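Listed here are the chains, written in short residue letters.
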Amino acid sequence: MNKTHFMSALIAASACLWSIPAGLAQTFKAGDIVTVTEYGKSVEVRVIKQDASGVLCLQKDWKDGTFKTGGSSCYYDASAMTLFVPPAALPTATGGGYGGAGGAPVQRNYSQGQGAAAGAALGGTGPLSKQQILDYLSANVGTDGPHPKKDSINAAVLAAIKKRGVNWKVSYKDDFSGAGGDTSIYYGMQDNYGTPPELPWLFGPWDLTFTNVSTFYASRDSVAKMGFISIEPSHTYIWKVHANDPPKAWIDGKWRDATPEEMKYRGGAGIVLLNGEQNYDWIVHKDGTADPGKDWINVADINTRQVKRGGIRKLH
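Quick notes on the rules
Residues numbered from 1 in each chain as written. Predicted model: local features only at pLDDT ≥ 70, side-chain atom pairs only at ≥ 80, totals over all residues. Heavy atoms only, no water. Helix = DSSP H or I, 4+ residues; strand = E, 2+ residues; numbered from the N terminus. Buried < 20%, exposed > 50% of the residue type's maximum accessible area, 1.4 Å probe, protein only. Areas by Shrake-Rupley, 256 points an atom, 1.4 Å probe, with all protein chains shown as cover. Contact = heavy atoms within 4.5 Å. Axes fitted to C-alpha atoms, helices over the stretch in contact; angles between N-to-C directions. Parallel < 35°, antiparallel > 145°, perpendicular 65-115°, else oblique. Pairing = 2+ DSSP bridges. Expected span 1.5 Å × (residues − 1). Arc of directions from axis to C-beta. Left-handed = near helix turned anticlockwise from the far one by under 90°. Phe/Tyr/Trp six-rings, centres within 6.5 Å; stacked < 30°, edge-to-face > 60°. Lys NZ or Arg CZ within 6 Å of the ring centre and 35° of its normal.

Undergrad: Can you tell me about the overall build of the protein, naming the residues and giving the values?
TA: The number of helices and strands found in the protein is 5 helices and 13 strands. Going through the 316 residues of the protein one by one, you find that 44% of them count as buried. Element-wise, carbon and sulfur atoms account for 55% of the exposed surface of the protein, whose accessible area totals about 16800 Å².

Next up, the structure:
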């Protein structure tokens, strides 16, 4: 923390000490977003509990302005607090959600009276956009706090992502927790860039390289060139493990479809090579980090996912 941030935190802590109330003028419940005034500025905080000492509230993180579990908290005088209510022109499907990060309402261009859900659907075809996912979460959950539909809505969003993919490469900045998204949404978006492939996409020969990184980068200079895998439609495969292996050392094996559980957060086709290199079973699926027009696959030991190979479609 630099000097400026340290002084800001010190001032906020001082404001907190001065805010301990003398009495309770009104009642709030856990999860309420309320506004308080600190040094002449209105700020939003989230209620943790209310007791004889006042209203204990979670403060926003000074780095990104969002509410963080375990973040700084402070007691405030209930008489000096105002319940935060989203503008009437921007109702939510749940009637009380706070769509944006840190509790701020998400600004949408829906017609008056239609509500957020009118334009927040996951139907259609083709990869999902960032705005589609954000709008759907905001309309149906709309808070980073507890919500009765949070688990089911996140499961529905993840299923849609796995079915359709997303149309942008996800970064660490794509945090949808303020709208109600959980970590499964982030992992799903990360693993499903582009249209999920159908099974025939995996067929044919792939040049392999060794890599020990979490995702395969075809341009990495440090990767070690290996042999190839040829995946056949007849549920068979041929695996030349090392670049100099003679044909008699190649593995002639069989493959099966990967289960949804084995695919984890990935959609599209995946297969499992049975009794492959080192007698391991290996899972094969599209590498979601590939640029448009690039065909890459990930090949990993199915049990630990720690032994990895990267593949680029072999040109004839």
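Undergrad: Could you give an account of helix α4 (residues 183–191), naming the residues involved and the relevant values?
TA: A turn of α-helix holds 3.6 residues, and therefore any two residues three or four places apart point the same way. Every buried residue belonging to α4 is among Ser-184, Ile-185, Gly-188, Met-189 and Asp-191, and all of these are buried. Where α4 is buried, its residues contact α2 (130–140) and α3 (150–164).

Undergrad: Which residues make up the packing of α3 against α4, and what values go with them?
TA: Relative orientation of the contacting elements α3 and α4 amounts to 5°, with a least axis distance of 9 Å. Classified by the angle between their axes, α3 and α4 sit roughly parallel to one another. Facing α3, whose interface residues are Asn-154, Val-157, Leu-158 and Ile-161, α4 presents Ser-184, Ile-185, Gly-188 and Met-189.

Undergrad: Residues and numbers for the sheet that holds strand β1 (residues 33–38), please.
TA: With antiparallel pairing, the 5 strands of this open sheet are ordered in space as β4-β3-β2-β1-β5. The sheet is open, and its two edges are formed by β4 (73–76) and β5 (82–83), each paired on a single side. Where strand β3 (residues 54–58) and β4 come together, 4 bridges link them in antiparallel fashion. Across the sheet, Leu-56 pairs through a bridge with Tyr-75, a residue of β4.

Undergrad: How would you explain unusual backbone geometry if you had to name every residue and give the values?
TA: At Asn-279, a position not held by glycine, the phi torsion is positive, near 65°. For Asn-279, the position within the fold is in the loop between β10 (270–273) and β11 (282–286). Classification of Asn-279 by relative accessible area gives exposed; the value is 62%.

Undergrad: Which residues make up the pairing of β1, and what are the values?
TA: Counting buried positions over the 6 residues of β1 gives 5, a clear majority of the element. For β1 and strand β2 (residues 41–51), the ladder comprises 6 bridges, and the chain directions are antiparallel. Its bridge partner being in β2, Ile-33 is matched across the sheet by Arg-46. Relative to β5, β1 runs antiparallel, the two being bridged by 2 bridges. Bridge pairing links Val-34 to Leu-83 in β5.

Undergrad: Could you give an account of α3, naming the residues involved and the relevant values?
TA: The end-to-end C-alpha separation of α3 is 21 Å, in line with the 21 Å expected for 15 residues at 1.5 Å each. Those residues of α3 lying buried are Lys-150, Ile-153, Asn-154, Val-157, Leu-158, Ala-160, Ile-161 and Arg-164. Here the buried residues of α3 occupy an arc of 160° about the axis, which is enough to place them on one side. Among the exposed residues of α3, those pointing more than 90 degrees away from its buried face are Asp-151 and Lys-163.

Undergrad: So what's going on with the packing of α2 against α3? Which residues, and what values?
TA: A pair of packed helices can be characterised by two numbers: the angle between their axes and the separation between those axes. Packing of α2 against α3 leaves a shortest axis separation of 10 Å and a crossing angle of 160°. Here α2 lies roughly antiparallel to α3, going by the angle between them. Pair α2 / α3 crosses with right-handed handedness. For the pair α2 and α3, the contacting residues are Gln-132, Ile-133, Tyr-136, Leu-137 and Asn-140 in the first and Ile-153, Asn-154, Val-157, Ile-161 and Arg-164 in the second.

Undergrad: With reference to specific residues and values, describe the packing of aromatic side chains.
TA: Taken as a whole and judged by the stated rule, the model has 8 aromatic pairs. Seen from their ring centres, Tyr-187 and Tyr-265 are 5.2 Å apart, and the 50° between their planes marks the pair as tilted. Placement of the pair is Tyr-187 in helix α4 and Tyr-265 in the loop between α5 (260–263) and β10, with a sequence separation of 78 residues. According to the relative accessible area criterion, Tyr-187 is partly exposed, its value standing at 37%. A centroid spacing of 5.3 Å and a plane angle of 80° characterise the contact between Phe-228 and Trp-250, whose relative ring orientation is edge-to-face. You can see Phe-228 sitting in strand β7 (residues 224–232) and its partner Trp-250 sitting in the loop between β8 (236–240) and β9 (251–257), a full 22 residues away along the chain. Its relative accessible area of 16% is what places Phe-228 among the buried residues. Chaining the aromatic ring pairs together yields one cluster made of Tyr-237, Trp-239, Tyr-280 and Trp-282. Of note, Lys-286 hangs over the ring of Trp-201, and the distance from its end group to the ring centre comes to 5.9 Å. Over the ring of Trp-201 we find Arg-313, and its NZ or CZ is 5.1 Å from the ring centre.

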